[in-house]
Amino acid sequence: MATNGGIKLGTLKQVAPGATVARVWNNANAEVYSLHPWPVVSAGVDASAEITRISFVVHGNPSEKELHYWVKNTGSTIIDIDVWAFWCYA
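Scope of this entry: the structure provided in the associated data block. (Residues numbered from 1 in each chain as written. Predicted model: local features only at pLDDT ≥ 70, side-chain atom pairs only at ≥ 80, totals over all residues. Heavy atoms only, no water.)

1. Points about the overall build of the chain
Link 1 in the chain: Of the regular secondary structure elements, the chain holds zero helices and six strands.
Link 2 in the chain: Reading the secondary structure of the chain in the N-to-C direction produces β-β-β-β-β-β.
Link 3 in the chain: Taken over 90 residues, the chain has a buried fraction of 27%.
Link 4 in the chain: Accessible surface, the chain: about 5500 Å² in total, of which carbon and sulfur atoms supply 50%. (Helix = DSSP H or I, 4+ residues; strand = E, 2+ residues; numbered from the N terminus. Buried < 20%, exposed > 50% of the residue type's maximum accessible area, 1.4 Å probe, protein only. Areas by Shrake-Rupley, 256 points an atom, 1.4 Å probe, with all protein chains shown as cover.)

See below:
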């Protein structure tokens, strides 16, 4: 039976147009990720964001997992961006 899940990794505050912000999810608890950025804006505001890079790191014994990710504001206004991670175990 597959197990699905999701978690909000956080909100990036006041990201300028064209800016890229790097973050780390420490002690990541899933194996397969699908990251999604959602601009937090009022109705009618045109905004967009994208995940530009992902890196997965394992340290030590027992292993500590980290997910490094970069989010870019691809729109033309300063925005907050929610970042969500989703996974599925088969």
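2. Things to note about the packing of aromatic side chains
Link 1 in the chain: This structure, assessed with the given rule, holds three aromatic pairs.
Link 2 in the chain: Here the aromatic residues Trp38, Trp84 and Phe86 are joined through ring pairs into a cluster of three or more. (Phe/Tyr/Trp six-rings, centres within 6.5 Å; stacked < 30°, edge-to-face > 60°.)

3. Details of the sheet that holds strand 2 (residues 20-26)
Link 1 in the chain: Spatial ordering of the open sheet is given by 2-5-4, a layout of three strands whose pairing is antiparallel. Each end of this open sheet is capped by a strand with a single partner; those strands are strand 2 and strand 4 (49-59). Going from strand to strand, the sheet's axes swing by 20 degrees on average, the running direction of each strand aside.
Link 2 in the chain: In the sheet, strand 2 pairs with strand 5 (residues 64-73) via seven bridges, with the strands oriented antiparallel. (Pairing = 2+ DSSP bridges. Axes fitted to C-alpha atoms, helices over the stretch in contact; angles between N-to-C directions.)

4. What about the nonpolar core?
Link 1 in the chain: One finds Leu12, Trp25, Tyr69, Val71, Ile81 and Val83 to be the most contacted residues of the largest nonpolar core, which totals 15 residues.
Link 2 in the chain: Residue assignment for this core shows that the elements contributing at least two residues are strand 1 (3-15), strand 2, strand 5 and strand 6 (79-89).
Link 3 in the chain: Here the element with the most residues in this core is strand 6; it accounts for five residues.
Link 4 in the chain: With near-sequence residues (within four places) excluded, isoleucine 81 lies in contact with Gly10, Thr11, Leu12, Val15, Pro37, Trp38, Pro39, Val40, Ala49, Val71 and Asn73. (Core = buried A, V, L, I, M, F, W, Y, C linked by side-chain atoms within 4.5 Å. Contact = heavy atoms within 4.5 Å.)

5. A few points about the pattern of salt bridges
Link 1 in the chain: Taken as a whole, this structure holds two salt bridges when the rule is applied.
Link 2 in the chain: A salt bridge links aspartate 82 to lysine 8; its shortest N-O distance comes to 3.5 Å. With aspartate 82 in strand 6 and lysine 8 in strand 1, this residue pair connects regions lying 74 residues apart in the sequence.
Link 3 in the chain: Looking at aspartate 82, the relative accessible area reads 16%, which means it is buried. (Salt bridge = Lys/Arg side-chain N within 4 Å of Asp/Glu carboxyl O.)

6. Some points on the environment of histidine 36
Link 1 in the chain: Following the sequence through the fold, histidine 36 ends up in strand 3 (residues 34-40).
Link 2 in the chain: In this structure histidine 36 comes out as partly exposed when scored by relative accessible area, which is 31%.
Link 3 in the chain: Put simply, histidine 36 and lysine 8 are 28 residues apart on the chain and 9.5 Å apart in space, counted from C-alpha to C-alpha.
Link 4 in the chain: The residues touching histidine 36, leaving out its near neighbours within four places in the chain, are Asp82, Val83, Trp84 and Phe86.

7. Some points on the side chain of aspartate 80
Link 1 in the chain: Along the chain, aspartate 80 falls in strand 6.
Link 2 in the chain: The exposure class assigned to aspartate 80 is buried, which follows from its relative accessible area of 16%.
Link 3 in the chain: The contact partners of aspartate 80, leaving out residues within four places of it in the chain, are Thr11, Leu12, Lys13, Gln14, Trp38, Pro39 and Val40.

Spatial relationships are all this shows, so hold off on functional conclusions.
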